[in-house]
Amino acid sequence: MAFYGVDLKSRLLLGTARYPSPKILADAIQSSGAEVVTVSLRRESGPERSGQSFWALVRSMGVRVLPNTAGCHSVKEAVTTAHMARELFDTPWIKLEVIRDDDTLQPDVFGLVEAARILTEEGFEVFPYTTEDLSVADRLVEAGSRVLMPWGAPIGSARGLNNVYGLKALRAHFPDIPLVVDAGLGVPSHAAAAMELGYDAVLLNTAVAEAGDPVAMAKAFALAIEAGHMAFKAQPMEPRDMAVPSTPTIGRAALGD
Amino acid sequence: MRIYVNGDQREVEPGTLAVTLDALGYGGRKIATAVNGRFVAATARSAMPVNEGDKIEVVAPMQGG
């Protein structure tokens, strides 16, 4: 699997927020096998330098970072944030979020497409956080995005895949664009289900960070993602309405009256 | 003169953005900056004058999903 020409072995992208401690974050990254972690930018004031110690920790893990524009509600905010992120993290990658609705954190897909176009023209490699809407995805690809990240469900909701039909349609429509289910997953079976649809990867944060044991949950998700991907490649059988005996009936002993 | 840094009002001496950030204790930190909503690259800070009433945003790496 490759994002913008960068080959990756792990199909799990991990968020770095909401862990009980920096040590648990570091252990969860290691246990997940993730090669890409998402990071953000926030105001740094006062003497505590919390951003500096966080950055030192991420650097020590040897992982690639995917900065986000979380919290941005306008194209201008998202574009400016992306520029700050590119300088700070020294990467053209940007997980583009332009949020419209605060209750669902649903993307403003109109702003998203516009910001994706501007950032692509400015040399960014955009990972848009979008809905499963096919037309929006098409516009994002037109705008230059070469990865799409549809939500499974609202961020942090742990609801799993809300619209399997829509996600399947997206996969069928974009066979050559890496697709990542980003957001809304709660348990490893959700991630396995996404991978069984043929998705290329899964991006997780809260489901790992807020588990009782984030380090074990990170590993559980990694295994589920690998299993789901392997199952997709193995071509699952089609469901049927009626039972079909798995044991051959030919040659069965005649024991009735 | 009075400026705003991450939303807080601060009194600083007139100077460039680079000098102002040093005076505010940001020297040597991994940060990115914007002035009045526009990104200012690290390489442009020493040529960027800070004016009365400017709104400066100073951000650093942070946890994110």
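Residues numbered from 1 in each chain as written. Chains lettered and ligands numbered in written order. Predicted model: local features only at pLDDT ≥ 70, side-chain atom pairs only at ≥ 80, totals over all residues. Heavy atoms only, no water.

A. Representation of the interface of chain B and chain A within the structure. Each partner contributes to the interface: chain B provides 27 residues, whereas chain A provides 31 residues. Summed over both partners, the interface of chain B with chain A comes to about 2,400 Å²; 55% of that surface belongs to carbon and sulfur atoms. When the buried surface of chain B facing chain A is broken down by residue, Arg29(B), Met62(B) and Gly65(B) rank first, second and third, together holding 27% of it. Across the chain B-chain A interface, the total number found is three salt bridges. The interface formed by chain B and chain A contains 19 residue pairs in polar contact (both at pLDDT 80 or more). When contributions to the side of chain B that touches chain A are tallied by element, the ones reaching two or more residues are strand S4 (32-35), strand S5 (38-40) and strand S7 (55-63) of chain B. The biggest single contributor to the side of chain B that touches chain A is S7(B), with seven residues. With five bridges joining them, strand S4 (residues 36-43) of chain A and S7(B) adopt antiparallel strand pairing. (Contact = heavy atoms within 4.5 Å. Buried area = accessible area lost by both parts, 1.4 Å probe. Salt bridge = Lys/Arg side-chain N within 4 Å of Asp/Glu carboxyl O. Polar contact = N/O pair within 3.5 Å; in protein donor to acceptor, adjacent residues only side chain to side chain. Helix = DSSP H or I, 4+ residues; strand = E, 2+ residues; numbered from the N terminus. Pairing = 2+ DSSP bridges.)

B. Layout of the packing of helix H3 (residues 75-89) of chain A against helix H4 (residues 109-121) of chain A. Residue and element names in this part refer to chain A. Here H3 crosses H4 at 35 degrees, and the two axes come no closer than 9 Å. Crossing hand, H3 versus H4: right-handed. Here Val75, Val79 and Ala82 of H3 come into contact with H4, specifically with Gly111, Glu114, Ala115, Ile118 and Leu119. Residues of the contact of H3 with H4, tallied by class, amount to six nonpolar, one polar and one charged. (Axes fitted to C-alpha atoms, helices over the stretch in contact; angles between N-to-C directions. Left-handed = near helix turned anticlockwise from the far one by under 90°. Nonpolar A, V, L, I, M, F, W, Y, C, P; charged D, E, K, R; others polar.)

C. Local environment of the UniProt feature "active site" (unreviewed entry) in chain A. As recorded in UniProt, the feature "active site" (unreviewed entry) lies at Lys95(A). In this view, Lys95(A) contacts Thr38(A), Leu66(A), Pro67(A), Asn68(A), Thr69(A), Phe127(A), Tyr129(A), Met149(A), Asp182(A), Leu203(A) and Gly65(B); residues no more than four positions away in its chain are not counted. (UniProt positions renumbered as here; feature names shortened; annotations may be inferred.)

D. Looking closely at the pattern of salt bridges. Residue and element names in this part refer to chain A. Applying the stated criterion across every chain yields a total of ten salt bridges over all chains. With its nearest N and O atoms 2.6 Å apart, the salt bridge here joins Lys23 to Asp27. With a gap of four residues between them, Lys23 and Asp27 both fall in helix H1 (residues 22-32), about one helical turn apart. Among the residues examined, Lys23 registers a relative accessible area of 55% and is labelled exposed. The class for Asp27 is partly exposed, based on a relative accessible area of 25%. (Buried < 20%, exposed > 50% of the residue type's maximum accessible area, 1.4 Å probe, protein only.)

E. How the structure looks around helix H7 (residues 188-196) of chain A. All names here are of chain A. Those residues of H7 not exposed but buried are Pro188, His190, Ala191, Ala192, Ala194 and Met195. Buried positions along H7 lie against strand S11 (180-182), strand S12 (201-204) and helix H9 (214-233). Within two residues after H7, Gly198 carries a phi angle of roughly 100 degrees, on the positive side.

F. Spotlight on the nonpolar core. Membership of the largest hydrophobic core comes to 82 residues, with the highest contact counts inside it found for Phe3(A) and Leu96(A). Here this core takes eight residues from H3(A), the largest share from any one element. Residue contacts for Phe3(A): discarding those within four places in its chain leaves Leu8(A), Leu13(A), Trp93(A), Phe127(A), Val147(A), Pro178(A), Val180(A) and Ala201(A). Among the nonpolar cores identified, the runner-up in size contains 13 residues, and Val5(B), Leu17(B), Leu21(B) and Val35(B) belong to it. (Core = buried A, V, L, I, M, F, W, Y, C linked by side-chain atoms within 4.5 Å.)

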